[in-house]
Amino acid sequence: MNRDGKGQRGVVIAGVGSYLPERILTNADLTKIVDTSDEWIRTRTGISERRIARDDQAASDLAAEASRHALTMAGLAAEDVEMIVVATVTPDMVFPNTACFVQKHIGARKAFCFDLEAACSGFLYSLETARQFVASGTVKNALVIGAEKLSCVLDWQDRTTCVLFGDGAGAVVLKPTTTGHGILGTVMGSDGTLAELLTIPGGGSRTPVSAQSMADRMHYMKMAGKDVFKHAVRCMTDAAQQVLARCGLSADDVTCVIPHQANMRIVQAVSDRLGIGTDRFCINLDRVGNMSAASVPVALDEAVRANRFKAGDRLLFVTFGGGFTWGATLVEWGV
Ligand code: ACO
């Protein structure tokens, strides 16, 4: 069981699953809502369309669908799940946590449940948090989910943000392993001095809901796009290089990079700096846009279902998001 010399068990991704809402919102549809064009959106971002959840679907509903697929692949009954972590910036409610709603939906009555908020890095932070619980033997398995209904926090009058995002959920099941496969390492970082550059400022204790906060559209996402872009490229590249160095590996050892799907130009810049061609990246942002915490697990699930990986392949997850938060995780595929 020991793989790190610290008495910790190896931890493997034993199942993956995802869920995308049925409704597709194309760039052409967006031109009827804001002053934009398919050409602008595609050339600036690489996005052609995104999914939008139904009014009666909350983040936990998307998460539950993704979780059922992941549990099936892992051969784990919901009632045997011991821990559920949901990464989201669009929880069903301020409290209780969304993971508790997922527990109810799937019938995972033995699990303890909590949410973790690290914006677009939330899934990666949650994965490492849950890995530590499994590695220490505290739990025998964990369900880790990234789920977002971003369409309800987008300002549909702001063309600089509403064209970028979509709804969806992805989930993984973690289990201990003795095979040597699994999560090899993770690095995470944050810089709160830049927190104001990407926010939903209203609705919290700083600016509680009021008629004024509503009139000021404070409950929608605000983003300094150019600053986000610049920091995302630098932090994602640095995190990827750090986790490779920590694991004693190089870019040549990476089979596939699964990046946070914010923008194709960010992905291209990270690819150039890492010296890993985009043919070795899993990219779905053209079809789903930026799904924040759901981006990495959905892209992972789509690649797994397309039989893109074989045992021993090395996958590099790399993320960046509000906070700012960032991180990179290296996984050796296989169970
Ligand atoms: N359609 C048409 N024109 C637009 C649109 C739009 N949807 N949005 C902005 N424009 C206009 C601007 O108003 C501006 O016009 P102006 O020159 O007359 O003022 C012009 O296009 C250029 O705007 P810029 O902001 O300079 O465009 P830029 O090339 O920087 O691209 C973008 C903007 C796509 C937002 C880019 O900065 C970006 O991708 N940033 C990173 C955003 C991101 O990925 N955020 C999420 C990461 S973290 C997370 O996932 C939470």
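Bear in mind that the values here come from a model prediction, so they are computed numbers and not experimental data. (Residues numbered from 1 in each chain as written. Predicted model: local features only at pLDDT ≥ 70, side-chain atom pairs only at ≥ 80, totals over all residues. Heavy atoms only, no water.)

Undergrad: Go over the pattern of salt bridges, please, and point to the residues and values.
TA: Two side chains of opposite charge can pair, provided their charged atoms sit close to one another. With the rule as written, the count across this model stands at 14 salt bridges. One salt bridge connects Glu-82 with Lys-140, and the closest N-O pair in it is separated by 3.4 Å. Pair noted here: Glu-82 is in the loop between helix H3 (59–74) and strand E4 (83–87) and Lys-140 is in the loop between helix H5 (122–135) and strand E6 (142–148), with a separation of 58 residues, a long-range link. Asp-155 is the salt-bridge partner of Arg-217, the closest N and O atoms lying 2.9 Å from each other. In this pair, Arg-217 sits in the loop between helix H7 (211–215) and strand E10 (222–223) while Asp-155 sits in the loop between E6 and helix H6 (159–162), placing the two residues 62 residues apart along the sequence. (Salt bridge = Lys/Arg side-chain N within 4 Å of Asp/Glu carboxyl O. Helix = DSSP H or I, 4+ residues; strand = E, 2+ residues; numbered from the N terminus.)

Undergrad: Can you explain the sheet that holds E6? Please cite residues and give values.
TA: Judged by pairing direction, the sheet is mixed, and its five strands sit side by side in the order E1-E7-E6-E4-E5 without closing on themselves. The open sheet is flanked by strand E1 (10–19) and strand E5 (112–116), the only strands paired with a single partner. Across the sheet, the mean angle from the axis of one strand to that of its neighbour is 20°, orientation sign disregarded. Pairing geometry for E6 and strand E7 (residues 168–177), over seven bridges, is antiparallel. (Pairing = 2+ DSSP bridges. Axes fitted to C-alpha atoms, helices over the stretch in contact; angles between N-to-C directions.)

Undergrad: Give a description of the side chain of Arg-50 that names residues and reports values.
TA: One can find Arg-50 in strand E3 (residues 49–52). Within the buried core, Arg-50 has no salt-bridge partner, and the shortest N-O distance to an opposite charge, that of Asp-29, equals 7.0 Å. A polar atom in the side chain of Arg-50 sits 2.9 Å from the side chain of Asn-27. (Buried < 20%, exposed > 50% of the residue type's maximum accessible area, 1.4 Å probe, protein only. Lys, Arg positive; Asp, Glu negative; His and termini not counted. Polar contact = N/O pair within 3.5 Å; in protein donor to acceptor, adjacent residues only side chain to side chain.)

Undergrad: Break down the domain arrangement of the chain for me, with residues and values.
TA: Domain parsing of the chain yields domain 1 (10–180) and domain 2 (183–333). Its C-alpha centre places domain 1 at a distance of 14 Å from the equivalent point of domain 2. Each partner contributes to the interface: domain 1 provides 51 residues, whereas domain 2 provides 49 residues. The largest share of the area that domain 1 buries against domain 2 comes from Cys-120, Leu-124 and Tyr-125, three residues that together contribute 17% of it. Across the contact surface, domain 1 and domain 2 share 23 residue pairs in polar contact (both at pLDDT 80 or more). Looking at the side of domain 1 that touches domain 2 residue by residue, the classes come out as 26 nonpolar, 17 polar and eight charged. (Domains from an automatic or database assignment. Contact = heavy atoms within 4.5 Å. Buried area = accessible area lost by both parts, 1.4 Å probe. Nonpolar A, V, L, I, M, F, W, Y, C, P; charged D, E, K, R; others polar.)

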